[in-house]
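Close look at the chain arrangement
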Amino acid sequence: MKHDHRINIDRFVDLSFEEDGHTTHHQEHRLALLSAGTIEMVYGSKINIVAPAIIIIPPGMPHRPLKAKHAAMYLVSFCVGCLGIDEDSLLMQPYRQVINGSLPIVALDTERLPFLTQILEALSTESQQSGTESTPLIRSYLSILFGDIYRKMGSIDNQSPVSKLTSEALRFIHQHSHQAISLKEVAAAVHRVPAHVAATVKKETDSTVGEWICQARIKQASYRLSHTTLSVQEVASELDWKDITHFIRQFKKVTGHTPAQWRKQQAIKVSGETENG
């Protein structure tokens with residue numbers, strides 16, 4: 001029987017497209033190692049990523065692929081709770097920095113690329129194993145990747161594409177995503193008038209304060225639906241959602257599924273991984 005690691009590694013070779021893709025957001029942590037080519041995407045603002053580089057994609061962060069030219073990359077999706085990773089640990093700090101407005105790109109030295117590729121290949125192989133030792137080994141491989149990202153982000157001027165105001169607003173939203181908050185409360189936290197905060201966040205991220213709040217709260221809800229046996233009503237109540245109908249409507253708007261459909265989809269995914277192991 002396959003152990004449920006809840007990690008997936010995809011490899012793309014000579015990936016090329018040129019179209020305006022749909023804005024997407026997901027509930028897993030992701031990182032991509034771009035080893036060749038270029039990718040252009042909207043991540044708040046439009047950014048162009050040239051290999052070699054690592055792209056950091058926190059859960060719930062909206063992004064939109066625009067085009068790729070002869071891109072080769074590994075895409076890693078993982079569930080921190082399933083793997084026993086402390087989301088608040090030091091090596092996970094780059095994800096928090098990106099959530100707060102830092103660029104999601106970490107440029108790599110070319111000579112470092114073979115080593116990181118080797119780690120990703122080992123990670124991919126280990127993700128297919130069923131032994132009880134596999135999960136701690138997967139955590140170890142991920143820690144090596146996180147360590148490289150952490151050191152590289154700390155050694156360069158990773159300039160934020162957003163202002164300090166927007167960064168502080170996003171930080172407050174994510175820190176309080178377990179409860180109902182409003183634009184007025186976000187503005188009070190950053191000591192600005194609501195209209196100015198709303199206009200600045202929208203201009204710099206292409207999403208409204210309300211959309212950021214909704215996405216952050218849906219992330220909290222989806223995690224509970226995937227990792228607890230709480231009912232949909234209980235999840236909504238725990239997250240201070242007063243209107244269950246509104247909660248279901250917002251959940252579907254963000255994820256494309258109702259809370260019940262989401263939970264069923266996650267259960268089927270886990271079951272399929274187990275049966276295929």
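In this report, the structure presented in the accompanying data block is examined. Computed from a prediction, not measured in an experiment: that's the story for all the values here.

1. Section: the environment of Trp 212
Relative to the elements of secondary structure, Trp 212 occurs in helix H8 (residues 209-227). Using a relative accessible area of 5% as the deciding quantity, one classes Trp 212 as buried. C-alpha of Trp 212 to C-alpha of Ala 189: the two residues are 23 residues apart in sequence and 15 Å apart in space. With sequence-adjacent residues up to four places away left out, Trp 212 is seen in contact with Met 61, Pro 62, Leu 170, Ile 173, His 174, Val 201, Thr 205 and Ser 207.

2. A few points about the pattern of salt bridges
Under the criterion given, the structure shown has nine salt bridges. With a closest N to O distance of 3.9 Å, Glu 40 and Lys 46 form a salt bridge. Looking at Glu 40, the relative accessible area reads 15%, which means it is buried. Exposure remark for Lys 46: the relative accessible area of 58% places this residue in the exposed category. The partner of Arg 224 in a salt bridge is Glu 238, and the shortest N-O contact between them spans 2.5 Å. Residue Arg 224 is found in helix H8, and its partner Glu 238 is found in helix H9 (residues 232-238); the two are separated by 14 residues along the sequence. A relative accessible area of 18% places Arg 224 in the buried class.

Conventions and cut-offs
Residues numbered from 1 in each chain as written. Predicted model: local features only at pLDDT ≥ 70, side-chain atom pairs only at ≥ 80, totals over all residues. Heavy atoms only, no water. Helix = DSSP H or I, 4+ residues; strand = E, 2+ residues; numbered from the N terminus. Buried < 20%, exposed > 50% of the residue type's maximum accessible area, 1.4 Å probe, protein only. Contact = heavy atoms within 4.5 Å. Salt bridge = Lys/Arg side-chain N within 4 Å of Asp/Glu carboxyl O.

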